[in-house]
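# Understanding the architecture of this molecule
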Amino acid sequence: MHSYAEAAAAVTAARSVAVVGHVRPDADAIGSVCATVGALRQLGKEAVGLIGQTWPYAENLQTIPGAEEVQLVEELPDVDLIITVDCGSLDRTGRLAGDIAARVEDTLVVDHHASNVGFGAVNLLDFQAESTTTILGRLFEELGVELDVPIAHALYAGLLTDTGSFRWGRPEMHTYAARLMETGLDVRAIAVDLLDANSLADLRMIGRALASVEIHEAGGHRLALIVADQELVCSGSLPAVEGLVDFVRTVEGTDLGAVFKESAPDFWHVSLRSVDMDVSRLAVALGGGGHIPAAGYSAHGTADEVTDALLAELRRQ
Ligand code: AMP
Ligand code: MN
Ligand code: MN
């Protein structure tokens, strides 16, 4: 693990930089990419923001300043330095994983996922950080970057969403939020854009999903489960589908929640949440990763097969 000074030195030495966020990006990934590109340009560097997937991501993330410039790509451009942000492992860079693996000596990893082994040449990791944007704020200070409104907005986006709207985190998260707000952010509008806006179709999708919640017992655990098949997933927007997991995080009488989202026939993205147990262990065992309270993985099979596999793993642990 490296220091802020070592990470800053790697940035200072570069003239052109590619900033890469994780596939299926969230607000911390896009916020980290946009804030870093903005900071690098302020320092007089050439910078481009990239996501290694070809399909579009949640449209509400386009409200983060600079997101309109983030490119969906399968190849790295010719740059001096690669910075991955909010990527817990190399495979989270998606289609760019091969190109980055071939250039690890030029890669700076900035991340807060406890499962990150440090896959770059320089690794700025802080597992206590609420968001990757929290780490970036300190790195930007080290680099003498001035917090302007677009950069502060992008940093705040990651902090807001990765703390579940400031429901968990260290006391410093509020000090950091205050510093970002003092640049003049409209935090109310940011919260609406990233968390609260729902269409009629979204409300109906959420209603159907909630009507289908089931509780399962396995290995002394009680799981609140939503299985959203492809038809249901397609009836709502991506952010609304991603938000379903917040409803099963804390169902009374359960100690974890899971949402299975079928993005292609028999291919599922699974989100796990808990306030009582370590769901990252469960996700890692099933081929994914994440944090103690929030983790995820991907699975192939019918709805019964993939949910049975999760219950079997719960019994094993
Ligand atoms: P999500 O449920 O998609 O919001 O993801 C929760 C956490 O788990 C995030 O911090 C992700 O980085 C992590 N995660 C989700 N899916 C995967 C995956 N397939 N592989 C590794 N980590 C994942
Ligand atoms: Mn993320
Ligand atoms: Mn994050």
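Residues numbered from 1 in each chain as written. Chains lettered and ligands numbered in written order. Predicted model: local features only at pLDDT ≥ 70, side-chain atom pairs only at ≥ 80, totals over all residues. Heavy atoms only, no water.

### Considerations on the overall build of the protein
This is how the line gets drawn: Secondary structure is summarised from DSSP: a helix means a run of H or I of at least four residues, a strand means a run of E of at least two, and numbering begins at the N terminus for each. Think of it in three bands: with a 1.4 Å probe and only protein chains considered, a residue is buried below 20% of the maximum accessible area for its type, exposed above 50%, and partly exposed in between. Note on definitions: a residue-residue contact is assigned when non-hydrogen atoms from the two residues lie within 4.5 Å. Methods summary: accessible areas were calculated by the Shrake-Rupley approach with a probe of 1.4 Å, and residue burial reflects only the protein chains presented. Counted as positive: Lys and Arg. Counted as negative: Asp and Glu, with His and the chain ends omitted from the count. Charged groups are reduced to one reference atom each: NZ for lysine, CZ for arginine, CG for aspartic acid, CD for glutamic acid.
The secondary structure content of the protein amounts to 13 helices and twelve strands. In terms of overall dimensions, the protein has C-alpha extents of about 55 × 40 × 35 Å along its principal axes. Scored against the burial criterion, the 317 residues of the protein give a buried share of 51%. Contacts in the protein between residues at least 24 apart in sequence constitute 65% of all its contacts with a sequence separation of at least 6. Of the roughly 13,800 Å² of accessible surface on the protein, a fraction of 52% belongs to carbon and sulfur atoms. Side chains of the protein give 21 positive and 46 negative charges; the mean places of these two sets differ by 2 Å.

### Description of a nonpolar patch on the surface
Put simply, the test is: Put simply, a patch holds well-exposed residues, over 30% relative accessible area, that have no salt bridge, with like charges counted together within 9 Å and Val, Leu, Ile, Met, Phe, Trp or Tyr side chains within 5 Å. By convention in these notes, a salt bridge is any Lys or Arg side-chain nitrogen within 4 Å of a carboxyl oxygen on Asp or Glu.
A cluster of nonpolar residues, Leu 210, Val 213 and Phe 247, forms a patch on the protein surface that exposes about 230 Å² of accessible area. With respect to the helices and strands, Val 213 occurs in the loop between helix H8 (200-211) and strand E7 (214-218).

### So, helix H4 (residues 132-143)
An α-helical turn contains 3.6 residues, so a residue and the one three or four places further along point in the same direction. To keep it simple, the criterion reads: In this scheme, a helix's expected span is set at 1.5 Å multiplied by one less than its residue total.
With twelve residues, H4 extends 16 Å between its outermost C-alpha atoms, agreeing within 8% with the 16 Å of an ideal straight helix rising 1.5 Å per residue. When you tally the buried positions in H4, you get nine out of twelve residues, the bulk of the element. One or two positions beyond H4, positive phi appears at Gly 144, with a value near 75 degrees.

### As for the UniProt feature "domain: DDH" (unreviewed entry) in the protein
Basically, it comes down to this: UniProt positions are given in the numbering used here, feature names are shortened, and annotations may be inferred rather than shown by experiment.
Following the UniProt record, one finds the feature "domain: DDH" (unreviewed entry) at residues 17-158. When the span residues 17-158 is considered, its composition is 30% helix and 19% strand, and the gap between its end C-alpha atoms is 21 Å.

### Here's the deal with the side chain of Thr 93
The test is simple: Residues adjacent in sequence count toward polar contacts only when both atoms are side-chain atoms; beyond that, a polar contact is any pair of N or O atoms within 3.5 Å, and within protein one must be able to donate a hydrogen and the other to accept it.
With respect to the helices and strands, Thr 93 occurs in the loop between strand E4 (81-85) and helix H3 (97-101). The buried category is assigned to Thr 93, whose relative accessible area is 0%. Here Ala 97 takes part through its backbone nitrogen, which lies 3.3 Å from a polar atom of the side chain of Thr 93. Not counting the four nearest positions on each side in its chain, Thr 93 is found in contact with Val 20, Val 23, Gly 52, Thr 84, Cys 87 and Ile 100.

### As for the coordination of the manganese ion (ligand 3)
To keep it simple, the criterion reads: Here the coordinating atoms are restricted to nitrogen, oxygen and sulfur within 2.8 Å of the metal centre, or 3.2 Å for Na, K and Ca, and because water is not among them the sites may look incomplete.
Surrounding the manganese ion (ligand 3) are the protein donor atoms Asp 28 (OD), Asp 86 (OD), His 112 (NE2) and Asp 162 (OD), at 2.2 to 2.3 Å. A distance of 3.6 Å spans the gap from the manganese ion (ligand 3) to the manganese ion (ligand 2), which Asp 86 bridges by coordinating each metal. Here Asp 162 lies in helix H5 (residues 149-162) and Asp 28 lies in helix H2 (residues 27-42), a separation of 134 residues in the sequence. Judged by relative accessible area, Asp 28 falls into the buried class, the value being 0%.

### Comments concerning the layout of surface pockets
This is how the line gets drawn: Every definition here rests on a 1 Å grid over the protein atoms only: cavities are sets of points where a 1.4 Å probe fits but cannot get out, pockets are open sets enclosed by protein on both sides within 12 Å along at least five of seven lines, and lining residues have some atom within 4 Å of a point. Grid points are joined across faces, edges and corners, and a volume is the space filled by probe spheres set on the points. Basically, the charged four are Asp, Glu, Lys and Arg, the nonpolar ten are Ala, Val, Leu, Ile, Met, Phe, Trp, Tyr, Cys and Pro, and anything else, Gly included, counts as polar.
Taken as a whole, the second largest pocket spans an internal volume of roughly 240 Å³. For the second largest pocket, the lining is made up of 15 residues, of which Thr 134, Arg 138, Arg 170, Glu 172 and Tyr 176 are closest to its centre. Secondary structure elements with two or more residues in the lining of the second largest pocket: H4 and helix H6 (172-181). Taken together, the residues of the lining of the second largest pocket sort by class into five nonpolar, three polar and seven charged.

### Some details on the domain arrangement of the protein
Put simply, the rule reads: Domain ranges listed in this record stem from an automatic or a database domain assignment. In this description, buried area is defined as the sum, over both parts, of the accessible area (probe of 1.4 Å) that is lost when the two are combined.
Domain annotation of the protein identifies domain 1 (4-195) and domain 2 (200-316). Opposite the eleven residues of domain 1 that make contact, domain 2 presents ten residues. When domain 1 packs against domain 2, close to 850 Å² is buried across both sides, 58% of that on carbon and sulfur atoms. Considering only the side of domain 1, the residues that lose the most area to domain 2 are Arg 24, Ser 115 and Trp 168, jointly responsible for 48% of the buried surface there. Linking domain 1 to domain 2 there are one salt bridge.

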